[in-house]
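# A structural walkthrough
Now for the letters of each chain:
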Amino acid sequence: MKYNSIIIGGGLAGLTSAIRCAEAGLKTALISAGDSALTFASGSIDVLGIRQNNSLVQYPFEEISHLPSDHPYRKLGAAQVKQSLHFFTEQMAKAGIQMSSHGQQNHSRLTALGAIRPAWLSQPGTKALSIAAPAAGLRRVAIINIAGFRDFQPALVAAGMKKHPEFTGVEFTVADISAETIKIDARNAYELRSLEMARLLKRDLFSQPKGLTIFASAIQKAAGNADLVVLPSVLAVENGNELISQLEAHTGLPVCELATLPPSLPGMRMASALRQRYRELGGLLLEGDEVLSGYFDNNQLRSIKTRLNPSMPLEADHFVLATGSFFSRGLDSNPSSLTDKTFNLDVVETGQREQWSNERFLNGSQHGFSYFGIETSERFNPYQNGNAITNLYCAGGVLGGFNPVAEASAGGVAISTGWFAANQIIAHRSDSSGTAK
């Protein structure tokens, strides 16, 4: 079976690339091994939030020209990064989620540890705060949990927020809502993860005629006259933003949902919306499968074999590799070397093995391995034994030359490089056929 394009990897980079190809009318297949890193993500998109000296970036697109020359953003330029994010925002809106931004400026978002992280796009339920003054307008914050839910600790959130100088003088209220108050059968709440809690709330509370009113009343009683109510993201996956909006209307209070320990419902919501959009465009999604090997000829990838269909190679004119970094098993290492797991492509690494990470792993310092990844050309074509593979493109966390966590850039790099790879494929086909897409 032959496709115009095959996308390997079902995370943010792969889905963006697949949607762009499918929208252009290409016969596209997306191969996803399982849940992607979006299951662990906040549901916001960080573009570029932190400099190497740990200072915050207010205007991410202005900062791109100051990055090292091998950074993925430098290969794209600020204009193409902006175009890719505009495309992504449009696709999310068509899938039912209106992402918000503060124009060209970053904003702040809260985390479940009470930290303040920079982001550029957020879902409505996240409640984007000012990047320069995140506590502006806040005098009282109420952090509320459903009693017994183990993956959200209000006291921990409050303690983290109090460490930020901007929140000095803000009054914090920490409270639980009991299962009896909202009439849910949560005798084993401490065993539930966020997804299971959402299913319980849907069954016992939100499916009832007065369920939303009961929950809103409990929030009002616990929060008092708070300027901001913080809840764990356990309300729903697909329609979580709408439920937050309805709660705000019922309570008259601003409500913010925080992604909990995985699974993260805002991240799953984003993944679900993107997969829905891809299917609407006619794309083929091969879930639960994994690419085992590829057949290369004349510096091109001709076909791939997968775990579920090892005797039926899949052929395509172009491929995108978006399998992620170590966390997503796109990259692998042993005591002496680093490899990409799929095609044994050339990788970027520096120094001896003992220099890949710092001796004290969790002391906040940057580690060398964070910058490791597949070496690519200016058009994100990888190399194999020094030869560029001209019909294969790399996107997202599998790329080298950037530190997604330390510089808060994972989402932006995934979207922009996935979008760019798809545009290269579309342009090549347009040149070949003499048609414009």
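See the structure shown above.
What comes next concerns the included structure.

Cut-offs used in this document
Residues numbered from 1 in each chain as written. Predicted model: local features only at pLDDT ≥ 70, side-chain atom pairs only at ≥ 80, totals over all residues. Heavy atoms only, no water. Helix = DSSP H or I, 4+ residues; strand = E, 2+ residues; numbered from the N terminus. Buried < 20%, exposed > 50% of the residue type's maximum accessible area, 1.4 Å probe, protein only. Contact = heavy atoms within 4.5 Å. Pairing = 2+ DSSP bridges. Salt bridge = Lys/Arg side-chain N within 4 Å of Asp/Glu carboxyl O. Core = buried A, V, L, I, M, F, W, Y, C linked by side-chain atoms within 4.5 Å. Axes fitted to C-alpha atoms, helices over the stretch in contact; angles between N-to-C directions. Parallel < 35°, antiparallel > 145°, perpendicular 65-115°, else oblique. Left-handed = near helix turned anticlockwise from the far one by under 90°. Nonpolar A, V, L, I, M, F, W, Y, C, P; charged D, E, K, R; others polar.

Right, let's get into the environment of Ala115. Tracing the backbone shows Ala115 in the loop between β3 (107-110) and β4 (116-119). Using a relative accessible area of 34% as the deciding quantity, one classes Ala115 as partly exposed. Considering only alpha carbons, one finds Ala115 and Arg279, 164 residues apart in sequence, at a separation of 36 Å. With sequence-adjacent residues up to four places away left out, Ala115 is seen in contact with Arg109 and Leu110.

Let us look at the pairing of strand β13 (residues 314-321). Of all 8 residues that make up β13, 6 are buried, and the element is covered over most of its length. The sheet contact formed by strand β1 (residues 2-8) and β13 spans 6 bridges and is parallel. When the bridges of β13 are listed, Lys2 appears paired with Glu315. The pairing of strand β12 (residues 300-306) with β13 spans 2 bridges and is classified as antiparallel. In the strand pairing of β13, Ile304 is matched with Leu314. Alignment of β13 against strand β20 (residues 392-394), held across 3 bridges, turns out to be parallel. Each residue of the ladder has a partner; that of Leu321, found in β20, is Cys394.

A few words now on the pattern of salt bridges. Applying the stated criterion to the full structure yields 14 salt bridges. The shortest N-O distance in the salt bridge between Arg140 and Asp227 comes to 4.0 Å. Of this pair, Arg140 sits in strand β6 (residues 140-146) while Asp227 sits in the loop between α8 (211-223) and β8 (228-232), and the two are 87 residues apart along the sequence. Where Asp317 meets Arg429, a salt bridge forms, and the shortest distance between an N and an O atom there is 3.3 Å.

Our next topic: the environment of Ile45. Assignment of secondary structure puts Ile45 in the loop between β2 (28-32) and α2 (60-63). Sequence separation of Ile45 and Ser409 is 364 residues, and the distance between their C-alpha atoms is 8.2 Å. Among all residues touching Ile45, those that are not within four sequence positions of it are Leu12, Leu85, Phe88, Met99, Ala119, Trp120, Leu121, Met270, Gly411, Gly412 and Ile415.

Our focus in this paragraph is the nonpolar core. Considering soluble globular proteins, one finds that nonpolar side chains tend to be buried as a cluster. Counting residues in hydrophobic clusters, the biggest one holds 75 residues, and the most contacted among them are Ile6, Leu12, Ile45, Phe88, Met270, Ile304 and Phe343. Considering every element that reaches this core, the biggest residue donor is helix α11 (residues 410-433), with 9 residues. Counting residues in each nonpolar core, the second largest holds 53 residues, with Phe152, Met161, Ile182 and Cys256 among its members.

Our focus in this paragraph is the packing of helix α1 (residues 12-23) against helix α10 (residues 265-280). Their axes nearest at 9 Å, the elements α1 and α10 cross at an angle of 20°. The orientation of α1 with respect to α10, classified from their angle, is roughly parallel. With respect to the hand of their crossing, α1 and α10 are arranged in left-handed fashion. Mapping the contact onto sequence places Leu12, Leu15, Ala18, Ile19, Ala22 and Glu23 in α1 and Met270, Ala271, Leu274, Arg275, Arg277 and Tyr278 in α10. The residue inventory of the contact of α1 with α10, partitioned by class, reads 9 nonpolar, no polar and 3 charged.

As summarised here, the arrangement of the 4 strands in space is β7-β6-β8-β9, forming an open sheet in which the pairing is parallel. Because the sheet does not close on itself, it has two edges, and the strands there are β7 (171-177) and β9 (255-258). Taken over all neighbouring pairs, the strand axes of this sheet differ in orientation by 25° on average, direction set aside. Where β6 meets β8, 3 bridges bridge the pair, whose relative direction is parallel. Within β8, the residue paired with Ala142 across the bridge is Val229.

What follows concerns the side chain of Thr323. Its location among the elements puts Thr323 in the loop between β13 and β14 (331-333). A relative accessible area of 17% means that Thr323 is categorised as buried. Filtering out sequence-adjacent residues up to four positions away, Thr323 remains in contact with Ile8, Ser328, Arg329, Gly330, Thr342 and Val398.

Taken in spatial order, the 3 strands make up an open sheet running β4-β3-β5, and their pairing is antiparallel. Edge positions in the sheet fall to β4 and β5 (129-130), since each has one partner strand and no second. Bridge count for β3 against β5 is 2 bridges, and the pairing is antiparallel. In the strand pairing of β5, His107 is matched with Ser130.

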